[in-house]
Amino acid sequence: MTMSRILPGPLLSGIAALALIAGGAYAMTGTPEEPGTGSSDWAPRDKVTIEHPEWSKDAILYQINTRQFTPEGTFKAAQAELPRLKALGVDILWLMPIHPIGEENRKGTLGSPYAVKDYYAVNPEFGTEADFKAFVDAAHAQGFHVILDLVANHTAWDNPLASEHPDWYEKSWDGQFRPTPWWDWTDIIDLDWSKPGVREHVGGAMEKWVRDFGVDGFRADVAGYIPLDFWETMRTRLKAIRPVFMLGEVQQTAFHFAAFDATYAWDWHNTAKKVALGEADPTAFYGYYAENESLWPRSAMRMTYIENHDSNAWEGTVEENYGANLEPITVLSFMGEGIPLVYNGMEACNVKRLEFFEKDPIDWNKGESCTYGALLRDLIAFRKANPALANGQWGARMVKVETDVPQKIFAWVRQEGSDKVLALFNFAAAPVTATFADALPASTYREFGKDESVTVKPGDAMTVPAHGYRLLSTDTARSSAPPIMREEG
């Protein structure tokens, strides 16, 4: 007889309910379920719902500080530099804010681009809307994508919203407009993101630039200060217009689920500076990469940057921050997991902190004497030639290479199919020889910067120069790539 024929209805329902509460782990027959065949509650579910645009697969970011990028500081002048950027090999052009700058409580003579007076207009200092549209069109014609810096957290004091909708702003304890708490951002006042009107106004501006000007996405200033649901809403709305790429100035995993393709790797940047200046040994990177692999979504692109507008202005130049280890740290930023950034002027060996509130053009006159610029170009070419080094889920995981000198040599392998990349880094002032503990690095490679073959066998030793690196990839992967003739130094 079946249980349903001998048990009263209410008692049967109670037993069934208990079975459901138990998650289906105990069937009505009294037989435990086999592991792996029970409730779908235990099936893994990916929280990431966004899809990266295909063109971001191996993309390199390039940040343009329009005011300082050229002597003229205009869109037209920047447009003339596009062929040079194409030769460098970068792909996504990130323009710092292009909007009119507030005059009330302005800092310096020209003010901060992050004190926005009108989200729907362009700064006349840079040109007209037609000039900007011409820049975007020319960039697209040459194969670039363009993203705009969006400053959603705050506006200039004299943004018309402050007088037309004062209730759209946060207030201080005494009811006055207030800058972002704790910071010295006295030239701006914070919007109140609990107000639907704020969301509609800023979101509408984002849609305008994507729809009417062909912009390909945004870099979101202090993205973590704005509610995550706004960014997720905008990702959906913008995708309905065109595929977009979103970079958030934030370091939180949840922002990758349905909003941003890429976010800042502040922990990497800070660790890199400490290791470069001898304040920590290479094992300091272990914590970052362990968390990157175990905590962050597989598809997350974390921006491993050497320099950007903030670090250059407020932390120091690349020479100040990395000293003799600038080159190996740069190689790591391009070859490890993450999406690299070139800040304008890096390729010209800019050695000054660019003024933030004044006109201070980059000096582009070093020419061929700037070997660092050649390094950037060659690293980009190498990266694009090796599928294992691609962004997000397209690229391979970094696997630590065990050696007898882990506190002196940072080493790893990334492998995707037949494409294998081996990298070793030495941040010390003397050469270091490392002996491999197992067969992971074993293969035949071609070495970056040297047109020669290198065979690595289990147990072999390899010497890495002072303040240097060894970067190798399998012959199969390099066969179609242009030769890189730069000698290691």
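Residues numbered from 1 in each chain as written. Predicted model: local features only at pLDDT ≥ 70, side-chain atom pairs only at ≥ 80, totals over all residues. Heavy atoms only, no water.

Draft legend 1. Region of the structure containing the pairing of strand 9 (residues 301-305). Along strand 9, five of the five residues are buried, which leaves the element largely enclosed by surrounding structure. Alternating positions in strand 9 separate into two faces, Met301, Met303 and Tyr305 on one and Arg302 and Thr304 on the other, with burial throughout. Bridge count for strand 9 against strand 10 (residues 339-343) is three bridges, and the pairing is parallel. Counterpart to Met303 in the pairing with strand 10 is Ile339. (Buried < 20%, exposed > 50% of the residue type's maximum accessible area, 1.4 Å probe, protein only. Helix = DSSP H or I, 4+ residues; strand = E, 2+ residues; numbered from the N terminus. Pairing = 2+ DSSP bridges.)

Draft legend 2. Just the pairing of strand 6 (residues 217-220), in detail. Across the two faces of strand 6 the burial is the same, with Gly217 and Arg219 and Phe218 and Ala220 all buried. Direction of pairing for strand 3 (residues 145-150) relative to strand 6: parallel, over a ladder of three bridges. Counted as the bridge partner of Asp149 is Arg219 from strand 6. When strand 6 meets strand 7 (residues 245-248), the two strands line up parallel, connected through four bridges. Pairing of Arg219 across the sheet is with Leu247, part of strand 7. Between strand 6 and its parallel partner strand 7, the chain crosses via helix 9 (residues 228-239), and the hand of that crossover is right-handed. (Right-handed = clockwise from strand over helix to strand, strands pointing away.)

Draft legend 3. Here's a closer look at empty space enclosed by the protein. Applying the stated criterion across every chain, the model contains three cavities of 30 Å³ or more. Roughly 140 Å³ of volume is contained in the largest cavity. Residue lining of the largest cavity: 16 residues in total, with Asn292, Arg298, Ala300, Glu337 and Gly338 positioned closest to the centre. Residue classes in the lining of the largest cavity are distributed as six nonpolar, five polar and five charged. (1 Å grid on protein atoms, 1.4 Å probe; cavity = no way out; pocket = protein on both sides within 12 Å on 5 of 7 lines; lining within 4 Å. Points joined across faces, edges and corners; volume = space filled by probe spheres on them. Nonpolar A, V, L, I, M, F, W, Y, C, P; charged D, E, K, R; others polar.)

Draft legend 4. Examining helix 11 (residues 266-276) more closely. All of the buried residues in helix 11 are Trp268, His269, Thr271, Ala272, Lys273, Val275 and Ala276. Buried residues along helix 11 sit against helix 12 (284-294), strand 9, helix 13 (309-315), helix 14 (318-322) and helix 15 (326-335). Looking one or two places after helix 11, you find Gly278, whose phi comes out positive at around 80 degrees. (Contact = heavy atoms within 4.5 Å.)

Draft legend 5. Summary view of the sheet that holds strand 2 (residues 92-95). The strand order around the closed barrel formed by eight strands is 1-2-3-6-7-8-9-10, and the pairing between neighbours is parallel. Here the average twist between neighbouring strands, direction ignored, is 25 degrees. (Axes fitted to C-alpha atoms, helices over the stretch in contact; angles between N-to-C directions.)

Draft legend 6. Local environment of the sheet that holds strand 13 (residues 419-426). If you walk across this open sheet you meet the six strands as 11-12-13-18-15-16, and the pairing is antiparallel. Because the sheet does not close on itself, it has two edges, and the strands there are strand 11 (398-400) and strand 16 (453-456). The average undirected angle you get between the axes of adjacent strands in this sheet is 30 degrees. In this structure, strand 15 (residues 443-447) lies alongside strand 16, joined through four bridges in antiparallel fashion. Within strand 16, the residue paired with Thr444 across the bridge is Thr455. Sitting on the sheet, helix 15 touches strand 12 (409-416), strand 13 and strand 18 (468-474), and the angle it makes with strand 18 is about 30 degrees.

Draft legend 7. Up close: the pattern of salt bridges. Counted according to the given criterion, the structure contains 25 salt bridges. For the salt bridge of Asp149 with Arg219, the shortest nitrogen-to-oxygen distance reads 2.8 Å. Within this pair, whereas Asp149 is found in strand 3, its partner Arg219 is found in strand 6, the two being separated by 70 residues in sequence. By the burial criterion, Asp149 is buried, and Arg219 matches it. The residue Asp229 makes a salt bridge to Arg199 at a minimum N-O spacing of 2.7 Å. (Salt bridge = Lys/Arg side-chain N within 4 Å of Asp/Glu carboxyl O.)

Draft legend 8. Main features of the nonpolar core. Ranked by size, the top nonpolar core spans 103 residues in total, and within it Leu93, Phe132 and Trp231 carry the most contacts. Residue contributions to this core peak at seven residues, all from helix 8 (residues 196-213). If we ignore the near neighbours within four places in the chain, the residues touching Trp231 are Leu150, Ala152, Met206, Ala220, Ala223, Ile226, Met246, Phe255, Ala259 and Phe260. (Core = buried A, V, L, I, M, F, W, Y, C linked by side-chain atoms within 4.5 Å.)

Draft legend 9. The environment of Asp438, seen in detail. Secondary-structure assignment places Asp438 in the loop between strand 14 (432-435) and strand 15. Under the relative-accessibility criterion, Asp438 is labelled partly exposed at 34%. Sequence separation of Asp438 and Lys457 is 19 residues, and the distance between their C-alpha atoms is 9.1 Å. Setting aside anything within four residues of it in sequence, one finds Asp438 in contact with Glu402, Pro458 and Gly459. Of the polar contacts made by the side chain of Asp438, one reaches the backbone nitrogen of Leu440; its length is 3.1 Å. (Polar contact = N/O pair within 3.5 Å; in protein donor to acceptor, adjacent residues only side chain to side chain.)

Draft legend 10. Quick peek at the state of the cysteines. Across all of its chains, the model carries one disulfide by this definition. Disulfide pairing places Cys349 opposite Cys370 at an S-S distance of 2.1 Å. Across the S-S bond linking Cys349 and Cys370, the dihedral sits near 85 degrees, which makes this disulfide right-handed. Taken together, the positions of Cys349 in the loop between strand 10 and helix 16 (371-385) and Cys370 in the loop between strand 10 and helix 16 put the pair 21 residues apart, joining distant regions of the chain. (Disulfide = S-S within 2.5 Å.)

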